[in-house]
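# Per-entry structural report
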Amino acid sequence: MATAGPRCRQGGAAMASLAAAEPPAPRAASRSPALGPSRSGGERRSNAADAAQDTQSRSVDFDYIIALLGDSGSKDLEKEQLKTLKKVIKHFENGFPLKDVAQITDILNLCAERMCEQEAFTEPLCELIKLFGLPFQKRKSSDEANYSVEVSQSITHLAYLMSLESSQVRIQICKSVVNFFNTELPGKLLSGYQPTSPNYKIRMAEIGGLAEILVLSLKLVENQLTEKLWVLKALQHLSTSEESCEQMVHVQGASRLCLCLNGADPSGQLLFRSSDILWNLLEKASKEEVVYQLRSLECVHALKEAFLELVFGFRHCDHQLRNDLLVIATLLAESPAVPLIESGFAKILIVLATCTEVKLHNPLVKGFKLTYSYEDFEMKKLLFNIIAVLSKDPSAAQLLNESHVIPALLYYVKQNQRSGFPNWSAAQYEELQLHALAVLASVAPLLVDKYLSCHANTLLLAFLEWCMSQDTFFGGGNSFHGKGGRGTKIAQMRYSLRVLRSVVALYDDAVTNNLCDQGAISQLLDILKYAADKYKEKESIALLDIQADILFILSVLCEDDNDRKELFSCEGIGMLVSYLKMDPRKLCSDTGHNCLILSALDCLWSCVIGCFLAEESFIEKQGVFLLLDLLAIKDNNMCHIILGILVEFSDNPKTVLHMSIWKGKRGRTAANVLIQLWRQEEQDLGVKRDQYGKIVDTKRPLITSFQRQQKVIPLPASCPSFSINEVAESIRAKIYLLFCKLGFQNLPGLSAKDVATLAIIQHFIDFKIGEVWSEISAEIKEEFRPVTSDERTLKLISEVSEYTGRMVLGLQIEALERQHHQEIQEEKEIYKELQATQIKKEMINKSWKNFLAQTSNYEALKKAKMHQKTLIEASRSKAKIHDAPENSTDIPKLHTTGCQKTSKAAAYSIHINTRTPAQLLDIEFY
């Protein structure tokens, strides 16, 4: 196994510092004994084929070579050592077998020690190191796993040789590491061997911590440009692996590499390789850790100087590398801890971003010329992006204001031209325009005064008017910000409204008054109608965003101003009603309809409620019915705001009337919906109820699971308790207020369980008062012992609250028992109906059987006929009417042929026999 490495006078101290980073593992027993037959006889093998394959390897006696190199003495011994090393190099010119790597490492370390004493050993040492760049050779597939420990430790020792003060050795080590990534196979292989897999050495290098050692070796080659470039080249290859990147970061590799950016190098490779490795570290290692290492002022200065050198470069590669450094600077700017402003780097970037739009003679950009190439176009977008990142830091506000960022961004708020603008094509200008609008939405809230002084609202409203015009311009929609705007001006409209939304969201009176004075409400309603019509033609996310943004802007503009609300009600209420009629299935989709309906509800609250004319108009358009339809969907995101709106509307008598007559699906009433929402809210809050909805805890009927878990915490009088906060956070208080308007009696469509829940709702305020007093009592007893009178008062209040709970529980039980009794009575009635129906069926069957018997049995027929006559005679009156006229039953002038005149009784008999069984049954009962 390999030893810890050479120790010599020139490189011993540096070697020790490297070794301290990761001490080598203890030396293990060799897997291969001395193989030279002339010295030890070798180990005889039983298999002749294996012996033939191992002929070349057996010709090297490692024990002898290691012992020879360990000796020191005469010149002849030195010649013998060099001669032996040349034989070893010649023998393994096509690569080392895995089973011999441990012995080769021992030879390598001994050769390094000899080199410290004699320079003649430098060349053989370099040749041995060079062979490490070739693929290792294996005999069995399992050799890679079996010798993985030896190989990884061998690569570690190879890296430790960087401590030798030999430029030739260091460069050769780096070349060998670079060759790890070369997939070409050697021209000839040892007999019976095959090369290891292409990534085997890379995996072993990761295990051995090669990247970590090479980063530490940068300090050793700090003043040697050629050696430093080779080390960076090796690290550049290693940085393609995530594990190697993590190792580099572990030893502060990001900061070490950043300080290499400004080294003197005419070729430019130093800057290129260092920045490329930094890129890989940011992508493959922990970005937070890399940024943390680069946060020092020294690193930011190094990055700034490197960037300035490239900004004034003229080569294509300079421009590409400049953009790479700009991306790194953007990532650093996202961290407030990075001193980008203190170093002056931020000011340079902002001035570069605005110098072409705002013609200012700034010495920072003297000599800078934009070539309008593709790289310059990318740089422009990156500079805009870094302004957006800096705008998130309040400390950058002054710098952004001094650099005239707002006027520079407003330069793009003007109508596009099909031919483009000077130096930019139409597609490039459109992309810059949309990017500038997106950045303006981030910067404007930070610089409101500058925004207003530049008449930005006027420019944006005029730009929005152009967006709605029938201009021949059609957007390309190719960029990220142009998504959804191809063939239209939708993208420009979308980001212009986003700017207005960002400044309106500040609720600054100066901004809102400025917009309203320019007729923004009417114009925004026109744009809203335009976007809604376009969305009906073709659905898109951009149009949904536009509608949601306009509704929000209108909400802020009209809030607390009745004149503006009346202006809005002329056209806006019809739009709001159309949004409330949205298909409920769309609310469950991921296309943004949920956000749109929430924006519409917010706009309804701010632009309608509080203005009598607007409220009347909304109610007349069946707005209350639509709100209840939405409430019946039971969307948790909307319930709070819908109930709040209904509470505000409930002061209008028409609202209560509409709520009382509303009918939902399956005949549900408003009271039924509200009670179901109450039960669902209590279930979510963990309020204790039994299966019938009855009170379980009569002392604190409304307490939630969260309140039960909270310990008694004395709070100042200005701080609301958990019970008070719960009123604002849950929907129970809103439902209680609505029932106060609807009433608690004679509500249709309620079950017994609903009535039981309604009893709790009716006494909500009583229970809440008792709950607050319970908290007060607990807080007092936590810190003080109340006097007798106070304790008696607190006890009385508690008893009153508990009595109310027991009373409500009694009402619930009574309602449930009444319902149970009613169900039993209904069940009895149904049973009687079923019994009567069954009896009737049995009588019909009996009559039918009698009828069948009469048709098949003459005696039965005669008997039935006699029975009928008896019944007829019995039905006639026995009293004779005196002095009554006698009426003949004969029909005059009626003559019969071939038959006797039928008597009245016979005719009646024939008529009886032609009746149905059901008719016969009626006669029998008669």
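Residues numbered from 1 in each chain as written. Predicted model: local features only at pLDDT ≥ 70, side-chain atom pairs only at ≥ 80, totals over all residues. Heavy atoms only, no water.

### Topic: the overall build of the protein
The test is simple: A helix here means a DSSP run of H or I that spans at least four residues, while a strand means a run of E at least two residues long, and both kinds are numbered starting from the N terminus. Only protein chains enter the area calculation, which uses a 1.4 Å probe; residues under 20% of their type maximum are buried, those over 50% are exposed, and those in between are partly exposed. Contact definition: two residues touch when any of their heavy atoms are within 4.5 Å. The Shrake-Rupley method, run with a 1.4 Å probe, gives the accessible areas here. Residue values count only the displayed protein chains as cover.
Across its full length, the protein holds 49 helices and two strands. When each of the 926 residues of the protein is scored for burial, the buried share is 48%. Look at the contacts in the protein between residues 6 or more apart in sequence, and 76% of them connect residues 24 or more apart. Carbon and sulfur atoms make up 53% of the accessible area of the protein, which totals about 47,800 Å².

### Digging into helix H35 (residues 593-607)
Under the convention used in this document: Multiplying one less than the number of residues by 1.5 Å gives the expected span of a helix.
Taking 1.5 Å of rise per residue, 15 residues should cover 21 Å, and H35 covers 20 Å from first to last C-alpha, within 8% of that figure. In terms of burial, H35 is largely enclosed, as eleven of its 15 residues are buried. Every buried residue of H35 is accounted for by His-593, Asn-594, Leu-596, Ile-597, Ser-599, Ala-600, Leu-601, Cys-603, Leu-604, Ser-606 and Cys-607.

### As for unusual backbone geometry
Although it is not a glycine, Gln-252 adopts a positive phi angle of roughly 60°. Here Gln-252 shows up in the loop between helix H15 (242-250) and helix H16 (253-258). Notably, Arg-666 is not glycine yet its phi reads approximately 60°, a positive angle. Mapping Arg-666 onto the fold places it in the loop between helix H39 (653-661) and helix H40 (670-685). On the accessibility criterion, Arg-666 (78% relative accessible area) is exposed.

### Things to note about a nonpolar patch on the surface
Counted only if it meets this: Any residue with relative accessible area above 30% and no salt bridge may belong to a patch, with like charges joined within 9 Å and the nonpolar Val, Leu, Ile, Met, Phe, Trp and Tyr side chains within 5 Å. Here a salt bridge means any side-chain nitrogen of Lys or Arg lying within 4 Å of a carboxyl oxygen belonging to Asp or Glu.
Together, Phe-706, Ile-713, Leu-715 and Phe-722 make up a nonpolar patch on the protein surface, roughly 330 Å² of accessible area in all. Inspection of the secondary structure assignment puts Leu-715 in the loop between helix H41 (705-709) and helix H42 (722-729).

### Some words on the nonpolar core
To keep things clear, this is the line we draw: Here the nonpolar core consists of buried residues drawn from Ala, Val, Leu, Ile, Met, Phe, Trp, Tyr and Cys, with membership extended through side-chain atoms lying within 4.5 Å.
If you look at the biggest cluster of nonpolar residues, it comprises 251 residues, and the most contacted ones within it are Leu-235, Leu-281, Leu-497, Leu-627, Leu-631 and Phe-739. In terms of residue count, the dominant contributor to this core is helix H31 (residues 541-558) (13 residues). Apart from the residues lying within four places of it in its own chain, the contact partners of Phe-739 are Ala-671, Leu-674, Ile-675, Phe-744, Leu-747, Leu-758 and Ile-761.

### Let's talk about the packing of aromatic side chains
For clarity, the threshold we go by: Classification of ring pairs uses Phe, Tyr and Trp, with its six-membered ring standing for Trp, and accepts pairs whose centres are within 6.5 Å; under 30 degrees between planes counts as stacked, over 60 as edge-to-face, and the remaining range as tilted. Whether a charge lies above a ring is judged from NZ of Lys or CZ of Arg, which has to be within 6 Å of the ring centre and within 35 degrees of the ring normal.
Evaluation of the coordinates by the stated rule reveals 15 aromatic pairs. Pairing Phe-62 with Phe-92 gives two aromatic rings, centres 6.2 Å apart and planes at 15°, and the pair type is stacked. On the criterion of sequence distance, the pair formed by Phe-62 in helix H5 (residues 62-70) and Phe-92 in the loop between helix H6 (75-91) and helix H7 (101-117) is long-range, its members being 30 residues apart. We classify Phe-92 as buried; its relative accessible area is 1%. Taking NZ or CZ as reference, Lys-201 lies 4.4 Å from the ring centre of Phe-136, over its face. Taking NZ or CZ as reference, Arg-501 lies 4.3 Å from the ring centre of Phe-552, over its face.

### What about a negative patch on the surface?
Applicable threshold: None of His or the chain ends enter the tally, which takes Lys and Arg as positive and Asp and Glu as negative. To locate a charge, take atom NZ for lysine, CZ for arginine, CG for aspartate or CD for glutamate.
A grouping of Glu-242, Glu-243, Glu-246 and Glu-289 is seen on the molecular surface, where their side chains present a negatively charged patch. Sorting elements by how many residues they give to the negative patch places H15 first, with three residues. In this fold, Glu-289 is placed in helix H18 (residues 287-293).

### Notes on the environment of Cys-467
Note that Cys-467 resides in helix H27 (residues 456-468). Judged by relative accessible area, which is 2%, Cys-467 ranks as buried. Dropping the residues within four chain positions of it, Cys-467 is found in contact with Lys-489, Gln-492, Met-493 and Tyr-530.

### Regarding the pattern of salt bridges
Throughout the structure, instances matching the rule amount to 28 salt bridges. A salt bridge links Arg-806 to Glu-802, with the nearest nitrogen and oxygen atoms 3.4 Å apart. Taken together, the residues span about one helical turn, with Arg-806 and Glu-802 both in helix H46 (residues 788-856) at a distance of four residues. In this structure, Arg-818 engages Glu-814 in a salt bridge whose closest nitrogen and oxygen atoms are separated by 3.6 Å. Residue Arg-818 and its partner Glu-814 are located together in helix H46, separated by four residues, close to a single helical turn. Overall, the relative accessible area of 47% leaves Arg-818 in the partly exposed class. Taking the relative accessible area as the measure of exposure, Glu-814 reaches 44% and is therefore partly exposed.

### With respect to the packing of helix H45 (residues 764-783) against H46
Basically, it comes down to this: Where helices are involved, their axes are fitted lines through C-alpha atoms of the stretch in contact, as for all axes, and angles between N-to-C directions lie from 0 to 180°. Crossing chirality is assigned from the near helix's rotation relative to the far helix, an anticlockwise turn below a right angle marking it left-handed and a clockwise turn marking it right-handed. In this classification, the charged set is Asp, Glu, Lys and Arg, the nonpolar set is Ala, Val, Leu, Ile, Met, Phe, Trp, Tyr, Cys and Pro, and all remaining amino acids, among them Gly, are polar.
Following both chains from N to C, one finds H45 and H46 inclined at 145°, their axes separated by 10 Å at the closest point. The handedness of the crossing between H45 and H46 comes out as left-handed. Mapping the contact onto sequence places Asp-766, Phe-767, Gly-770, Trp-773 and Ser-777 in H45 and Leu-794, Ile-797, Ser-801, Thr-804, Gly-805 and Val-808 in H46. Partitioned by chemical class, the residues of the contact of H45 with H46 number five nonpolar, five polar and one charged.

### Quick word on the side chain of Ser-606
With respect to the secondary-structure elements, Ser-606 resides in helix H35. Take Ser-606: its relative accessible area is 9%, and that puts it in the buried class. Excluding anything up to four places from it in sequence, Ser-606 contacts Ser-555, Cys-558, Glu-559 and Lys-565.

### A few points about the side chain of Lys-489
Let me state the cut-off plainly: Here a polar contact is taken to be a pair of N or O atoms separated by no more than 3.5 Å, where protein atoms must pair a possible hydrogen donor with a possible acceptor and residues adjacent in sequence count only if both atoms sit in side chains.
Within the secondary structure layout, Lys-489 lies in the loop between H27 and helix H28 (490-504). At 3.0 Å, the side chain of Lys-489 and the backbone oxygen of Ser-469 are in polar contact.

### Observations concerning the confidence of the model for the protein
Using the following cut-off: Confidence scores per residue from the predictor, reported as pLDDT, run from 0 to 100.
Confidence along the protein averages 83 in pLDDT terms, with 86% of residues attaining 70 or more. Low pLDDT, under 50, characterises residues 1-7; the stretch is placed with 31 contacts to residues that sit more than four places away or in other chains.

### Considering helix H12 (residues 200-208)
In terms of burial, H12 is a largely internal element, seven of the nine residues being buried. For H12, the complete set of buried residues consists of Tyr-200, Lys-201, Ile-202, Met-204, Ala-205, Glu-206 and Gly-208. If you follow the buried residues of H12, they end up packed against helix H9 (143-146), helix H10 (148-160), helix H13 (210-216) and H15. Just downstream of H12, Gly-209 is the residue with a positive phi angle, here 70°.

### Focus: the packing of helix H20 (residues 316-333) against helix H22 (residues 374-390)
Put simply, the test is: An angle below 35 degrees is read as roughly parallel, one above 145 as roughly antiparallel, one from 65 to 115 as roughly perpendicular, and any other as oblique.
Remark: H20 packs on H22, axes separated minimally by 10 Å, with the N-to-C direction vectors making an angle of 10°. Comparing their axes, H22 and H20 come out roughly parallel. The interaxial crossing formed by H20 with H22 has left-handed handedness. For the pair H20 and H22, contact is made by His-316, His-319, Gln-320, Arg-322, Asn-323, Leu-326, Val-327, Ala-329, Thr-330 and Ala-333 and by Glu-375, Asp-376, Glu-378, Met-379, Leu-382, Leu-383, Asn-385, Ile-386, Val-389 and Leu-390, respectively. By residue class, the composition of the contact of H20 with H22 is ten nonpolar, six polar and four charged.

### Section: the environment of Leu-544
Following the sequence through the fold, Leu-544 ends up in helix H31. Accessibility expressed as a relative area gives 3% for Leu-544, which makes it buried. Between the C-alpha atoms of Leu-544 and Cys-595, which are 51 residues apart in sequence, the distance is 8.7 Å.

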